[in-house]
Amino acid sequence: MEKHRAERNRTLTVSTEEYNTYLNTLLNSNDLSSFSLADITNSLILGDFFSIVSKIPHHCVDLLIADPPYNLTKNYNGNKFNARSDETYKDFTRSWISKCLPLLKEDASIYVCCDWKSSSIIYDVLNEYAIVQNRITWQREKGRGAKLNWKNSLEDIWFATAGNTYLFNSDAVKQKKRVIAPYKENGVPKDWEENVDGKFRLTYASNFWDDISIPFWSMSENTDHPTQKPEKLLAKLILASSKPGSLVFDPFSGSGSTLVTAKKLGRSFFGIEQNEEYCVWASKRLKKAEKDKTIQGYYDGVFWERNSHP
């Protein structure tokens, strides 16, 4: 469990002594035959999603953020997910989405992460059960080169809602962008401002995000999880589609990035994760978030372009 890192490497580690301490903070799927809202609020449940979801109270979730296994063969710390046919993966997607829907409030929002191969499948299934509102595509600046194909440098997030009435706070997710060609009207800056750091404009967020940095070894949010999502990315979803105190649910919590970001932003949360070590990492991150509320790339209530914050 303990790994020795270079001095400047800030990747999360958990000592042998800490492991049991954080393990004991988790809810276990075998603890209760059913969970009350008080039981699950601000908790992480250790166990298999399909054996737990029926124990969760209905109509309690304001925001569902799901990062399910993509249709790729990948080893998640001993839990291997195997690539399968499109139809079989569609059946898998139906199986978990259909079980999440009863947990949602009538005005709840849904975000589902995917790659280019599974994106159309996620859309088709979401379209069966919810109202698809948009597709977000975000630039994944890290990725392996490919000699016989285009390098894959993007992923998708499908945005859907349980009904026609839903929350979307566009002012909470504005982006601060550098002005390349400043325009003035009657000598006054038009839609931009200048300070000691340069010329900037606040813009409404689009459905293409090119300002996301994948967590890496020098970032304090980094873990050894193979498909960890950045807190900045999750912060956009949470701020746009929930209010302080809203309940955010992540059915495939991994190392806890959704839960940690929700906590930093003053939301309630709960999640499910079947891998014990991932849960321990998430528990330690949640403890750290009690004091450290910073989110890389999000300052002063706005999202900055990648590498642009002074």
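Use the structure listed above.
Computed from a predicted model, the values in this text were never measured in an experiment.

Turning to the packing of aromatic side chains, a few remarks are in order. What the rule picks out here adds up to 14 aromatic pairs. Here tyrosine 123 and tryptophan 158 contribute two aromatic rings whose centre-to-centre distance is 5.0 Å and whose plane-to-plane angle is 45°, an arrangement assigned as tilted. Here tyrosine 123, found in helix H5 (residues 119–129), pairs with tryptophan 158, found in strand E8 (residues 154–161); they are 35 residues apart in sequence, far enough to count as distant. Judged by its relative accessible area of 10%, tryptophan 158 falls in the buried class.

As a further point, take the packing of helix H6 (residues 231–241) against helix H7 (residues 257–264). Here H6 crosses H7 at 60°, and the two axes come no closer than 9 Å. The orientation of H6 relative to H7 falls into the category oblique. Note on packing geometry: the crossing formed by H6 with H7 is right-handed. Of the residues in H7, those in contact with Glu231, Leu234, Ala235 and Ile238 of H6 are Ser257, Thr258, Val260, Thr261, Ala262 and Lys264. When grouped by side-chain class, the residues that make up the contact of H6 with H7 number five nonpolar, three polar and two charged.

Reading across from one edge, E12-E13-E9-E18-E17 is the order of the five strands in this open sheet, with mixed pairing throughout. The sheet terminates laterally at strand E12 (193–195) and strand E17 (298–299), the two strands that pair on one side only. With two bridges connecting them, strand E9 (residues 175–178) and strand E18 (residues 302–304) associate as parallel partners. Bridge assignment links glutamine 175 to a residue of E18, and that residue is phenylalanine 303. Here H6 sits on the sheet and contacts E17 and E18; the angle it forms with E18, its principal contact strand, is near 150°.

Moving on, we get to the sheet that holds strand E3 (residues 61–66). The strand order across the open sheet built from nine strands is E1-E2-E16-E15-E3-E6-E8-E7-E14, with neighbouring strands paired in mixed fashion. With partners counted over all chains shown, the strands left at the sheet margins are strand E1 (27–28) and strand E14 (208–209), one partner each. Summarising the sheet, strand E7 (residues 131–139) and E8 pair through eight bridges and their orientation is antiparallel. Residue arginine 135 lies in a different strand from E8, and its bridge partner there is tryptophan 158. Helix-sheet contacts for helix H8 (residues 276–288) involve strand E2 (43–46) and strand E16 (268–273), and the interaxial angle to E2 is about 170°.

Take the pattern of salt bridges next. Counted under the stated rule, the structure contains 16 salt bridges. The residue aspartate 211 makes a salt bridge to lysine 236 at a minimum N-O spacing of 2.8 Å. In this pair, aspartate 211 sits in the loop between E14 and H6 while lysine 236 sits in helix H6, placing the two residues 25 residues apart along the sequence. Residue aspartate 211 is classed as buried on the basis of its relative accessible area, which comes to 2%. Several salt bridges share partner residues, and in doing so they unite Asp67, Arg140, Glu155 and Lys229 into one network.

Turning our attention to the side chain of glutamate 221. As for its position among the elements, glutamate 221 is in the loop between E14 and H6. Among buried Asp, Glu, Lys and Arg side chains, glutamate 221 stands out as unpaired, with arginine 285 the closest opposite charge at 5.0 Å. Within the structure, the side chain of glutamate 221 is placed 2.9 Å from the backbone nitrogen of glutamate 231, a separation counted as a polar contact. Filtering out sequence-adjacent residues up to four positions away, glutamate 221 remains in contact with Pro215, Gln228, Lys229, Pro230, Glu231, Arg285 and Gln296.

Reading guide: rules and limits
Residues numbered from 1 in each chain as written. Predicted model: local features only at pLDDT ≥ 70, side-chain atom pairs only at ≥ 80, totals over all residues. Heavy atoms only, no water. Phe/Tyr/Trp six-rings, centres within 6.5 Å; stacked < 30°, edge-to-face > 60°. Helix = DSSP H or I, 4+ residues; strand = E, 2+ residues; numbered from the N terminus. Buried < 20%, exposed > 50% of the residue type's maximum accessible area, 1.4 Å probe, protein only. Axes fitted to C-alpha atoms, helices over the stretch in contact; angles between N-to-C directions. Parallel < 35°, antiparallel > 145°, perpendicular 65-115°, else oblique. Left-handed = near helix turned anticlockwise from the far one by under 90°. Contact = heavy atoms within 4.5 Å. Nonpolar A, V, L, I, M, F, W, Y, C, P; charged D, E, K, R; others polar. Pairing = 2+ DSSP bridges. Salt bridge = Lys/Arg side-chain N within 4 Å of Asp/Glu carboxyl O. Lys, Arg positive; Asp, Glu negative; His and termini not counted. Polar contact = N/O pair within 3.5 Å; in protein donor to acceptor, adjacent residues only side chain to side chain.

Note that all results are geometric; they support no functional claim without further evidence.
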